[in-house]
Amino acid sequence: MKKFILMSLAVAMLLGSCNSKTNEEEQQQQALQDASKQELATAVADRDQLLSLVNEIASGMEQIKRLENILTVTNGMKGETASQRAQIEADIAAIQQTLQQRREQLADLESKLNKSNLNNSNLRKTIETLRAQIDSQSAEIETLRGDLAQANERIGQLNTAVDSLNTTVTSVTDERDAAQQESTELANELNTCYYVVASKSELKDHKIIETGFLRKTKIMKGDFDQNFFTTSDKRTLTTLPLHSKKAEVLSNQPAGSYKIVDQNGQKVLHITNPDLFWSLSNYLVIKID
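Residues numbered from 1 in each chain as written. Predicted model: local features only at pLDDT ≥ 70, side-chain atom pairs only at ≥ 80, totals over all residues. Heavy atoms only, no water.

Before going further, it helps to examine the sheet that holds strand 7 (residues 258-263). Reading across the sheet, the three strands line up as 5-8-7 and stay open at both edges, with antiparallel pairing between neighbours. On the outer flanks of this sheet lie strand 5 (239-241) and strand 7, each paired with one strand and no other. Strand-to-strand twist in this sheet, taken as the mean axis angle between neighbours without regard to direction, amounts to 25°. As judged from the six bridges shared by strand 7 and strand 8 (residues 266-271), these two strands associate in the antiparallel manner. Pairing of Val 261 across the sheet is with Val 268, part of strand 8. (Pairing = 2+ DSSP bridges. Helix = DSSP H or I, 4+ residues; strand = E, 2+ residues; numbered from the N terminus. Axes fitted to C-alpha atoms, helices over the stretch in contact; angles between N-to-C directions.)

In structure tokens, the structure reads:
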């Protein structure tokens, strides 16, 4: 009886030991599974973050290409404004800041990968590829910044040249206008003529003619009255109504360059050859009765 009791206790202890060992193994297996799930979740999160970063970098490449196109187009435009150049500079600065943030994200991902138990060569290659792309984008941005600086300098030079040309054009225009004004004034002066239509007594009173007994009439000798004459233009004075039934040209206008005709009982002077008519004198004196 005693032996049976001892054997029963031994069996119970053995069974208890087996059950304890089984529970411990199950716990270890569960821990391993949980650890694997966590590492897998971390790896998936890192992968997703890398994929997101790939898309962002691809988008950044499109932004850089857009800026390159904008810079190429605006360099060929005469109407580029300072606000457009400022916007391009702001876009470049924003992309540079974004590239720096992505470089820091890559470094963080690489650090996480090094600390994890995963040794995913594809992830490491992706990180290296992304880093190379970021470096390439940074180089392109620097090139764009240099191109923009050169464009701004060229625009400044062109603006200076345009201002200089505007000044020159203004100066030349002023000189041309002055020359034209001078030419017009000279032409007007050369074509200025003077005429007077008056009776014999009026002409004598204004010292335009001198007469005497048995003396030939002399015209405009001495201090005659210039204000008694009417000023006109040789180019437009072709007909002169004399308002008299009798008229005689006393000044030395060449014969054949004019004629005096009757119109409605009044004399009218017609200048038939202006160049010849004014060739000897710019003054015309006509005596009427």
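Now for unusual backbone geometry. Positioned with a positive phi, His 243 is a non-glycine residue whose angle comes to about 55°. If you check the backbone angles, Asn 264 has positive phi at about 55° while not being a glycine. By relative accessible area, Asn 264 is classed as exposed at 82%. (Buried < 20%, exposed > 50% of the residue type's maximum accessible area, 1.4 Å probe, protein only.)

Further remarks concern the pairing of strand 1 (residues 192-198). Strand 1 sits mainly inside the fold: five of its seven residues count as buried. Across four bridges, strand 1 lies against strand 4 (residues 230-233) in antiparallel orientation. Bridge pairing links Cys 193 to Ser 232 in strand 4. Pairing of strand 1 with strand 9 (residues 283-288), which is carried by five bridges, proceeds in the parallel orientation. Pairing of Val 197 across the sheet is with Ile 286, part of strand 9.

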